[in-house]
Amino acid sequence: MFYYLLKYVLLGPLLRLVFRPRTEGLDNVPASGPAIVAGNHLSFSDHFLMPAILRRRITFLAKAEYFTGPGVKGRLTAFFFRSAGQIPVDRSGKDAGRAAIREGLGVLRRGELLGIYPEGTRSHDGRLYKGKVGVAVMALEAGVPVVPCAMIGTFEAQPPGKVVPNVHPVVIRFGKPLDFSRYAGMENEKAVLRAVTDEIMYAILTLSEQEYVDRYAAVVKAEQTATENTKPRRFPRAPLS
């Protein structure tokens with residue numbers, strides 16, 4: 001109930017007013033039945049813009065940190081995500097990936113739309129990064145199509161660290177559903193999972209026209225953070241007396 005209140009009354013109209021999103025290929029999203037919508041991830045606002053323009057309800061797998069933040073802001077964020085029907089996923093530990101897949105398959109078995117960002121995290125520089133194979137596992141195990149989606153302009157509208165969005169045009173572009181039925185029963189084959197994931201990422205790349213990086217975003221971000229932390233700190237010279 002609260003999901004539709006957000007979509008049509010509280011948040012959806014505001015998002016449309018601020019971002020004025022233009023949609024392309026919306027008819028490529030199936031009108032009924034289970035499907036995965038796999039998109040690039042450029043901004044915190046992606047979580048809300050896509051549901052605002054889709055005709056159907058969509059459930060995202062959201063990182064558990066959104067549900068466990070401290071203070072008033074953390075409680076409000078957790079309430080918002082739960083009310084919007086988003087599912088918290090703990091990304092720590094060796095079983096985290098399987099837990100996310102289990103939750104995602106539950107959504108698909110109910111005949112619903114599942115939203116996922118195969119990169120696993122937001123892009124910190126606007127480029128498209130290598131996808132993780134969880135999306136392929138779910139597509140093959142559930143036997144559902146994957147609709148590629150490109151969010152265009154959301155990085156400029158709300159880059160990492162920016163709370164109040166900029167006024168910037170946004171385009172949400174959906175591609176033709178990808179059918180992977182030819183790989184049925186092969187969800188345990190690593191080479192197949194990599195091939196399916198790469199095909200999904202190529203479809204997203206074609207739609208978004210981003211620069212592609214064949215590395216995981218989380219690894220690149222960690223390397224950059226480590227480099228910045230090892231740089232010598234410079235202190236201002238004291239004035240000569």
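Notes on the structure in this doc start here. Everything numeric here is computed off the predicted structure, so don't read it as measured data.

**A closer look at the overall build of the protein chain**
Stage number 1. Check the secondary structure of the protein chain and you find nine helices and nine strands.
Stage number 2. Over its C-alpha atoms the protein chain spans a radius of gyration of 19 Å, differing by no more than 12% from the 18 Å that the globule rule assigns to 241 residues.
Stage number 3. With the C-alpha coordinates of the protein chain rotated into their principal frame, the extents come out at 80 × 45 × 35 Å.
Stage number 4. Residue burial in the protein chain is summarised as follows: out of 241 residues, 46% are buried.
Stage number 5. Within the protein chain, counting contacts between residues at least 6 apart in sequence, those at least 24 apart form 78% of the total.
Stage number 6. Of the accessible surface of the protein chain, which amounts to about 13200 Å², a share of 57% is contributed by carbon and sulfur atoms.
Stage number 7. For the protein chain, the distance from the average site of its 33 positive side-chain charges to the average site of its 22 negative ones is 7 Å.

**Quick look at the packing of helix α6 (residues 134-142) against helix α8 (residues 190-208)**
Stage number 1. One can describe the packing of α6 onto α8 by two numbers: an axis separation of 8 Å at closest approach and a directional angle of 105°. Relative to α8, the element α6 lies roughly perpendicular. Residue-level inspection shows V135, A136, V137 and L140 of α6 in contact with α8, the latter providing V192, L193, V196, T197 and I200.
Stage number 2. The class makeup of the residues in the contact of α6 with α8 is eight nonpolar, one polar and no charged.

**Notes on unusual backbone geometry**
Stage number 1. In this model, E209 sits at a positive phi of 60°, which is unusual for a non-glycine residue.
Stage number 2. Relative to the helices and strands, E209 resides in the loop between α8 and β9 (212-213).

**A word on α8**
Stage number 1. Its 19 residues place the ends of α8 27 Å apart at the C-alpha level, agreeing with the 27 Å of an ideal helix rising 1.5 Å per residue.
Stage number 2. For α8, every residue scored as buried is listed here: V192, L193, R194, V196, T197, I200, M201, A203, I204, L205, L207 and S208.
Stage number 3. Summarising the contacts, the buried residues of α8 are in contact with β2 (35-39), β6 (128-129), α6, β7 (146-152), β8 (171-174) and β9.
Stage number 4. Positive phi shows up at E209, right after α8, with a value of about 60°.

**Side note on the packing of aromatic side chains**
Stage number 1. Under the definition given, this model contains two aromatic pairs.
Stage number 2. When the ring of F44 is compared with that of F48, the centres are 5.3 Å apart and the planes differ by 70°; the resulting orientation is edge-to-face.
Stage number 3. Between the aromatic rings of F60 and Y117, the centroid separation amounts to 5.3 Å while the plane-to-plane angle is 20°, which identifies the pairing as stacked. Taken together, the residues F60 in strand β3 (residues 58-63) and Y117 in the loop between β5 (113-116) and β6 connect sequence positions 57 residues apart. Across the pair, exposure class does not vary: F60 and Y117 are buried alike.

**Overview of helix α2 (residues 12-19)**
Stage number 1. Turning to α2, its buried residues are G12, L15 and F19. The buried residues of α2 occupy an angular sector of 60° when the element is viewed end-on, so they sit on one face.

**Concerning a nonpolar patch on the surface**
Stage number 1. Together, L5, V9 and L10 make up a nonpolar patch on the protein surface, roughly 260 Å² of accessible area in all.
Stage number 2. Mapped onto the fold, L10 is located in helix α1 (residues 2-10).
Stage number 3. Judged by relative accessible area, which is 48%, L10 ranks as partly exposed.

**Here's the deal with the pairing of β8**
Stage number 1. Direction of pairing for strand β1 (residues 22-24) relative to β8: parallel, over a ladder of three bridges. Note on β8: the bridge partner recorded for R22 is V171.
Stage number 2. Relative to β8, β7 runs antiparallel, the two being bridged by four bridges. Paired with A150 across the strands is R173, a residue of β8.

**Let's talk about the pattern of salt bridges**
Stage number 1. Applying the stated criterion across every chain, the model contains 10 salt bridges.
Stage number 2. Measuring nitrogen to oxygen at the nearest pair gives 2.8 Å for the salt bridge that ties R22 to E24.
Stage number 3. We classify R22 as partly exposed; its relative accessible area is 46%.
Stage number 4. Among the residues examined, E24 registers a relative accessible area of 26% and is labelled partly exposed.
Stage number 5. Through salt bridges with shared partners, one network takes in R22, E24 and R173.

Definitions and limits used
Residues numbered from 1 in each chain as written. Predicted model: local features only at pLDDT ≥ 70, side-chain atom pairs only at ≥ 80, totals over all residues. Heavy atoms only, no water. Helix = DSSP H or I, 4+ residues; strand = E, 2+ residues; numbered from the N terminus. Rg over C-alpha atoms; globule rule 2.2 N^0.38 Å. Buried < 20%, exposed > 50% of the residue type's maximum accessible area, 1.4 Å probe, protein only. Contact = heavy atoms within 4.5 Å. Areas by Shrake-Rupley, 256 points an atom, 1.4 Å probe, with all protein chains shown as cover. Lys, Arg positive; Asp, Glu negative; His and termini not counted. Charge placed at Lys NZ, Arg CZ, Asp CG, Glu CD. Axes fitted to C-alpha atoms, helices over the stretch in contact; angles between N-to-C directions. Parallel < 35°, antiparallel > 145°, perpendicular 65-115°, else oblique. Nonpolar A, V, L, I, M, F, W, Y, C, P; charged D, E, K, R; others polar. Expected span 1.5 Å × (residues − 1). Phe/Tyr/Trp six-rings, centres within 6.5 Å; stacked < 30°, edge-to-face > 60°. Arc of directions from axis to C-beta. Patch = residues over 30% accessible without salt bridge, like charges linked within 9 Å, V, L, I, M, F, W, Y side chains within 5 Å. Salt bridge = Lys/Arg side-chain N within 4 Å of Asp/Glu carboxyl O. Pairing = 2+ DSSP bridges.

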